[in-house]
Amino acid sequence: MPPLVVLAGSDSRPARLTDEGQGYRALNGYKSAFLRIDGQPLVSCILDRLAASDRFSDLYVAGPAKVYSGLVSGARLVDCNGRLEGNLRAAFEAVREDHPHGPIAFLAGDILPDVKTLRTTMDRYFDEAPCDVFFPLAEVPDDPAMLGPSSWKPRYRIRRDERSEPSTILPGHLIIADPDALRIGLVYRLLALSYRTRNRPIGERSYTMFRGILMHALREDLRQLFTLGLPDLTAALVADGAAVAMGLKSGNMTCGRLGRAVRRVTVSYGHRRRYPRRQVLVPILPDSLSLARDFDTEEEARAVGAEWHQSVRASTAAGGKPGTPKRAGAT
């Protein structure tokens, strides 16, 4: 079973909402700490459910000790307080102290996953392992109203295979990856950009991500030239990035084509050559919405019984005004 890291950093700015989300109150700050369910911090609820699933080995929480000290039980606290990219690096280094090799799971700290969903998702992963990356997508009901206060979130149309009709999906917030297979610096950057642009239209999102990693790709290809490797990253980024953006926009992208495109960009050439049969898997899973519905707004948090509670001590330590919830649009 892989170790898992709960990414419990802070959104420095409120999430950008789509037009359909206007009127909702966007949250920012340390949501894993300040959202409480029956008085229990969200991070504790997440850890309880992860432990109950019995599908992970060691558990870690990546976030600032000044906020999470005393809130984390049954997991190792990785003290970090940077942007997502920096938190990912710190978490990876901490996990590798205990687990020198093998896959690592990462989970966003602003969701509340169902125990049953965790078990069925991980059982699917175990059936497919070993793979380079496993990134499940949540199938969305035909009626968007069933998403409740999350109905404003951007959705995508993807085919399971060439013969199937497109399914409507939301990206999940659980990813399992073998860091030894990856262009790890690039992946840190991609994940940070992906999270930052998660609520933008596909065209704008693709352009922002492409621009954000282009210089990294050029530097990597230059390094490959000097080490007699294959400088294929920039070409893959341009060709596969464009194909994915157009496929997602048209609804003609399949899970297999998406996985192959992501593998060419994120997995090192040497690893692909050594393990040609390994895959990046992006399966569409039914009944897995709890992995996709992150709490960008106060309304989404309330839908699962969560309320914002920020103590004077925690608020001051986090750099806010004592007792003031860090949310946008609140009155």
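Cut-offs used in this document
- Residues numbered from 1 in each chain as written.
- Predicted model: local features only at pLDDT ≥ 70, side-chain atom pairs only at ≥ 80, totals over all residues.
- Heavy atoms only, no water.
- Helix = DSSP H or I, 4+ residues; strand = E, 2+ residues; numbered from the N terminus.
- Expected span 1.5 Å × (residues − 1).
- Buried < 20%, exposed > 50% of the residue type's maximum accessible area, 1.4 Å probe, protein only.
- Contact = heavy atoms within 4.5 Å.
- Pairing = 2+ DSSP bridges.
- Axes fitted to C-alpha atoms, helices over the stretch in contact; angles between N-to-C directions.
- Parallel < 35°, antiparallel > 145°, perpendicular 65-115°, else oblique.
- Left-handed = near helix turned anticlockwise from the far one by under 90°.
- Nonpolar A, V, L, I, M, F, W, Y, C, P; charged D, E, K, R; others polar.

Enquirer: An account of helix α9 (residues 255–266) is requested, with residue identities and associated values reported.
Expert: The terminal C-alpha atoms of α9 lie 16 Å apart, and with twelve residues this matches the ideal 16 Å at 1.5 Å per residue to within 8%. Taken residue by residue, α9 has C255, L258, G259, A261, R263, V265 and T266 as its buried positions. Of the surrounding secondary structure, the elements contacted by the buried residues of α9 are β9 (156–159), α6 (184–196), α8 (233–250), α10 (269–274), β12 (280–281) and β13 (284–285).

Enquirer: Help me get a handle on the sheet that holds β9, residues and values and all.
Expert: Across the sheet, which stays open at both edges, the four strands sit in the order β9-β10-β8-β13 with mixed pairing between neighbours. The open sheet terminates on both sides in strands that have one partner only, identified here as β9 and β13. Across four bridges, the pairing between β9 and strand β10 (residues 166–171) is antiparallel. If you follow I158 over to β10, its bridge partner there is S167.

Enquirer: How would you explain the sheet that holds strand β11 (residues 174–177) if you had to name every residue and give the values?
Expert: Reading across the sheet, the seven strands line up as β5-β4-β1-β6-β11-β7-β12 and stay open at both edges, with mixed pairing between neighbours. Every other strand in the sheet has two partners, leaving β5 (76–79) and β12 as the edge strands with one partner each. Alignment of strand β1 (residues 4–7) against strand β6 (residues 104–108), held across four bridges, turns out to be parallel. Residue V5 lies in a different strand from β6, and its bridge partner there is F106. In this fold helix α4 (residues 84–98) packs onto β1, β4 (59–63), β5 and β6, with an angle of close to 135 degrees to the strand it touches most, β5.

Enquirer: Break down the packing of α4 against α6 for me, with residues and values.
Expert: One can describe the packing of α4 onto α6 by two numbers: an axis separation of 8 Å at closest approach and a directional angle of 135 degrees. In this view, α4 runs oblique relative to α6, as classed from their interaxial angle. Seen along the crossing, α4 lies across α6 with a hand that is right-handed. Contacts between α4 and α6 involve L84, E85, L88, R89 and F92 from the former and G185, Y188, R189, L191, A192 and Y195 from the latter.

Enquirer: Could you give me a rundown of the packing of α8 against α9, with the residues and numbers involved?
Expert: Orientation of α8 relative to α9, taken along the N-to-C sense of each, is 155 degrees, at an axis distance of 9 Å. As far as their axial angle goes, α9 and α8 are roughly antiparallel. Taken as a pair, α8 and α9 cross one another with a handedness that is left-handed. Between α8 and α9, the contacting residues are L233, A236, L237, D240 and V244 on the first element and L258, A261, R264 and V265 on the second. Its residues assigned to classes, the contact of α8 with α9 comprises seven nonpolar, no polar and two charged.

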